[in-house]
Structure formats: structure tokens, C-alpha cells
Amino acid sequence: MPIDFNLPELGENVTAGDVLRVLVKPGDTLAKDQPVLELETDKATIEVPSSVAGQVKDIKIKAGDKVKVGQPILTVEGDGAPSGPREAPDEGPRTDQGPVLGNVVDITRGARTPAESKTGVPGALSAPGWKIGAPSASPAAPSVRRMARELGVDVNQVQGTGPAGRISVEDVKTYAKRLVTGARAVVEPAVPPLPDFSKWGEVERQPMRAVRRKTAEHLSAAWATVPHVTQCDLADVTGLEELRKKYAKQVEAVGGNLTVTAIAVKIVAAALRKFPQFNASVDMEAGEIVVKKYVNIGIAVDTDRGLLVPVIRDADRKNIVQISVELVQLSEKARNRKIALEEMQGGTFSLSNLGGIGGTYFTPIVNLPEVAILGISRASMQPKFENGGFVPRVMLPLSLSYDHRVIDGADGIRFLRWVAEAMEQPFLLALNG
């Protein structure tokens, strides 16, 4: 009998994607777990394996289509098991809530806006009377409850459209979409309609790719929510450059690249231990500052699909060689579209190095729900007055942007000066930890 294969769940906060390639055609014999689709989501490019087997009878999508979780992809004739997740026995209500739908605020890791509650639901839009952890009589399958938890939705607040009010996956998605639409209205100003540009000459319209759309949404929310302050400074890295060149071959021998970025990750990780308010998030609804006890540094990587931010976990516990190797691996994965979603989640501070391209200073945008980001520009030889005369020194421009709700100007410059001095005198890093 014909069996439909529907697009399965793709990961945390991922509800749709753009079809890059269809890997099978009608008449092909399909095996279970065989890749049938190459899909670009707002976080990664993935191959989607089939959960059914048999002869492909019909392909319901094509390259360029946007498909949603649960949407039919193809039909096969055979004895394969039906697609879709198996329903485990209902374990009853759970109190854990996943992050809010990623397309409100996040490009990499399910970030919360300050208006969110601890459950991950936008607090300004939360329905009254929520009772997290209270027994639920809402008729819904375990798979539907699981999706509701992943989207940060209280299933008790969802109106079911099935028989006897039974709640479906579509009901949960519709409810979540209403919350998302309302959340956007809170953080995004009204955008006036564009004029007809073709009146003045030829134009070309290009669709925004998934990563670019997500970047635009996330950074718009960050800019509208966070009162940004950017402070700049110069670090004299003449001695650091000598050490970097001296030990570069040694690091290359183990598969790393001893770059300024790798060294900066280690220095920033140490700075975050000394200045924990920079390793935090703001929960405005609860009136709390969430200080993380772990240090995960996100590194902005320029790819042909847009900006991706892989995360180096526990950076404070790794030496510069380990960070150099991991940075090479993550960057290659990001550029080759092989990076996993979990490798871009959980960051506590971000770092963006544009020095390889050029420029002096820039204003990096804080990556919500983090509260600070360090930008690095191109180093240059400059005259520096020392001991009564000018000497040539290699100077590195640094730009620190931070959330003024959490960090004051004096703390901002203290942090930036500490980072600059650690670059100027590498021994201080070993001396002070």
C-alpha cells in the first residue's frame, strides 16, 4: 500500500527549511535511513533520511521549495514503516520547558528575549493562569506534548480542533505562531512599505536564504531590545606577534592554527572569570541577572550562506593549542555545511574578528541572550611614544559592545583594558589565571 514520508522533526527550534536538492526520483528503490533530501535550515544544512522503504511513486516537493515539519515529502509503494515519530507511552505532564521558538530571537541557540519568562514563553504575551507542572487533562498524544515542550508552549492553553477537542501538532504550531507574531510586534518597529524601485531602472529580486533571514530577525530583535554601548581600545601586540610566529609551526603540527582569534578566545575566557557580569543574561520579567558558571565562546564565521557562530565550550578549561585545533575544525564544518545545530548553541560571549579583511574599528551587535561581544580589527604598525621617543609597535584595535542594562561604562573599560593588557603582556595570563 502507498506510504507517505513526511518531513520529520529536524532539531530544537527548527520547524522548516529550504530544499536544496532532492536525492531520489520516481521509480527509485528506497531503503530506510537513505538520504532523500538536502535541506537548508536557518542553522545548518542537513541530509534528511527516510523512515520508509519501498519504490518511490511520487515526489511532492522540488528544489527551492520551503517545507515544514510534518509536510509530505514523497510516497512509496512497499512494506516500509509509516513515517513520523513513534508515540511512546504518555509519561504524564512534565515541568521542563524548552526554549521559545527560535525565529523570535535566535540564530544559533534558542535565545530568550528579556520579555520571556523562565519557561521560554514571551512573558508579555503569556496567557493568564498557567500552571507549570500541574496535572493536565488536555487530550494530546505524547508526540504532541513533546513538540509543545520544545516550543515552550503550555499544552493546556492550546485549543484542540480534533474529535472531542483532541490537540494536534498543527494546533500547537498555530498557537505558537500566534505567540511569535505577538512577540515580533513587541520588539520590531513598523517598517514602511518600499517604493517601486523599477520606476527608476532595472532591478533584480533575490530571495533571502534561511541563514540570512534568521540573522536579520535575530539582529533586529537584539538591536531593538539591548541598549548598546561600544568602547574601543588599542592593544600593543608586538611581543604577542613574536610569540605567535615562534610557536605557529608547533601548533600546525597537531592540526591547529595559532591565530589571534585562538589566543583571544583564551584571554576572553579568563576575563569572563574575573568579570562574571559579562558572562550573564538578563531576565527582565523575573528581575534577575542569570550568571553562567560555564564559559562557552561563540566565534563568528563568515560563510557563503551568511554568518554562523559555532561555539567553543569550556574555553576557560582548554589551553591555546586545544582551542586552535577546535577552532579550525569548527570553522571548516561551518564553511562546508557540516556543522551540527548543537555546535552552535549554548554560547555565553561572542567574538568577531574582521582583521583578516581589514578596517580599524566597528560596532559589533550583542548576540542575545548574551550581554557582550568583542570585535577585533586589523593590526597595523604604528608609532608609540616610549622612553622619550617614538618606536614602531604592532597595534591591535579592539571594540567591545555590551548591554548597558547589566554593564556600566566603568566595568566595560575595565574589562577591555584587562583583555588588552593580557595581549600586551602574555605572562599576566599565566600569572593571574
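Quantities reported herein were computed from a predicted structural model and do not represent experimental measurements. (Residues numbered from 1 in each chain as written. Predicted model: local features only at pLDDT ≥ 70, side-chain atom pairs only at ≥ 80, totals over all residues. Heavy atoms only, no water.)

A. Layout of the pattern of salt bridges. Tallied over the full model, the rule gives 22 salt bridges. Here Arg-337 ties to Asp-304 by a salt bridge, and the two come within 3.6 Å at their closest N and O atoms. One end of the pair, Arg-337, is in the loop between helix H6 (320-335) and strand E16 (349-353); the other, Asp-304, is in the loop between strand E13 (301-303) and strand E14 (306-308), and 33 residues separate them in sequence. Residue classification places Arg-337 among the partly exposed residues on the basis of a relative accessible area of 22%. The closest approach of N and O atoms between Asp-411 and Arg-414, which form a salt bridge, is 3.0 Å. Here Asp-411 and its partner Arg-414 are both found in helix H7 (residues 409-424), three residues apart, which amounts to about one turn of the helix. When salt bridges that share partners are traced, they join Asp-233, Arg-417, Glu-421 and Glu-424 into one network. (Salt bridge = Lys/Arg side-chain N within 4 Å of Asp/Glu carboxyl O. Helix = DSSP H or I, 4+ residues; strand = E, 2+ residues; numbered from the N terminus. Buried < 20%, exposed > 50% of the residue type's maximum accessible area, 1.4 Å probe, protein only.)

B. The packing of helix H5 (residues 260-274) against H7, seen in detail. Where H5 contacts H7, the axes come no closer than 10 Å and their chain directions differ by 135°. As judged from the angle between their axes, H5 and H7 are oblique. Between H5 and H7 lies a crossing whose hand is right-handed. Of the residues in H7, those touching H5 at Ala-264, Ile-267, Ala-270, Ala-271, Leu-272 and Lys-274 are Phe-415, Trp-418, Val-419, Ala-422 and Met-423. (Axes fitted to C-alpha atoms, helices over the stretch in contact; angles between N-to-C directions. Parallel < 35°, antiparallel > 145°, perpendicular 65-115°, else oblique. Left-handed = near helix turned anticlockwise from the far one by under 90°. Contact = heavy atoms within 4.5 Å.)

C. Geometry of H6. With 16 residues, H6 extends 22 Å between its outermost C-alpha atoms, agreeing within 8% with the 22 Å of an ideal straight helix rising 1.5 Å per residue. Within the sequence span of H6, burial applies to Ile-323, Ser-324, Val-325, Glu-326, Leu-327, Leu-330, Ser-331 and Ala-334. Contacts made by the buried residues of H6 are with helix H4 (238-252), H5, strand E12 (297-299), E13, E14 and strand E15 (311-312). The opening residue of H6 is Asn-319, an N-cap whose side-chain oxygen sits 3.1 Å from the backbone nitrogen of Val-321. (Expected span 1.5 Å × (residues − 1). Polar contact = N/O pair within 3.5 Å; in protein donor to acceptor, adjacent residues only side chain to side chain.)

D. Representation of the nonpolar core. Residues Ile-297, Leu-398 and Met-423 are the most contacted members of the largest nonpolar core, which totals 89 residues. For this core, the element with the highest residue contribution is H5, accounting for 10 residues. Those residues within four positions of Met-423 in sequence are excluded, and the remaining contacts are Ala-235, Asp-236, Val-237, Leu-240, Ala-264, Ile-267, Leu-396 and Leu-398. Counting residues in hydrophobic clusters, the runner-up holds five residues, among them Ala-222, Val-226, Val-366 and Leu-368. (Core = buried A, V, L, I, M, F, W, Y, C linked by side-chain atoms within 4.5 Å.)

E. Spatial organisation of the environment of Pro-139. Note that Pro-139 resides in the loop between strand E8 (72-77) and helix H1 (142-150). Take Pro-139: its relative accessible area is 32%, and that puts it in the partly exposed class. Taking C-alpha positions, Pro-139 is 8.2 Å from Ala-164, a pair spaced 25 residues apart along the chain.

F. Quick look at a nonpolar patch on the surface. Nonpolar side chains collect at one region of the surface, where Leu-194, Phe-197, Trp-200 and Val-203 lie side by side and expose about 480 Å² of accessible area between them. Among the structural elements, Val-203 can be located in the loop between helix H2 (169-187) and helix H3 (210-225). (Patch = residues over 30% accessible without salt bridge, like charges linked within 9 Å, V, L, I, M, F, W, Y side chains within 5 Å. Areas by Shrake-Rupley, 256 points an atom, 1.4 Å probe, with all protein chains shown as cover.)

G. Fine view of the sheet that holds strand E3 (residues 29-30). A sheet is described by the order of its strands in space; here four strands give the open sequence E1-E8-E6-E3, paired in antiparallel fashion. Edge positions in the open sheet fall to strand E1 (2-6) and E3, since each of these has one partner strand only. Two strands pair when backbone bridges link them, and strand E6 (residues 54-59) and E8 are joined in this way by four bridges, in the antiparallel orientation. Within E8, the residue paired with Ile-59 across the bridge is Leu-74. (Pairing = 2+ DSSP bridges.)

H. Spotlight on the sheet that holds strand E4 (residues 35-40). Overall, antiparallel pairing links the four strands, which are arranged E5-E4-E2-E7 in an open sheet. Either end of the sheet is taken by a strand with one partner, and the two such strands are strand E5 (45-49) and strand E7 (66-68). On average, each strand axis in the sheet is tilted by 45° relative to the strand beside it, whichever way the strands run. Direction of pairing for E4 relative to E5: antiparallel, over a ladder of five bridges. Looking at the pairing, Leu-39 lines up with Ile-46 of E5.

I. Spatial organisation of the packing of aromatic side chains. What the rule picks out here adds up to five aromatic pairs. For the ring pair Phe-278 and Phe-415, a centre distance of 4.2 Å and an interplane angle of 20° mean the geometry is stacked. Residue Phe-278 is found in the loop between H5 and strand E10 (280-283), and its partner Phe-415 is found in helix H7; the two are separated by 137 residues along the sequence. For the residue pair Phe-278 and Phe-415, the accessibility class agrees, reading buried in each case. Ring geometry for Phe-349 and Phe-415: centres 5.9 Å apart, planes at 35°, overall tilted. With Phe-349 in strand E16 and Phe-415 in helix H7, the pair connects residues that are 66 residues apart, well separated along the chain. Residue Phe-349 shares its accessibility class with Phe-415, and that shared class is buried. (Phe/Tyr/Trp six-rings, centres within 6.5 Å; stacked < 30°, edge-to-face > 60°.)

Just distances and angles here, no functional claims.
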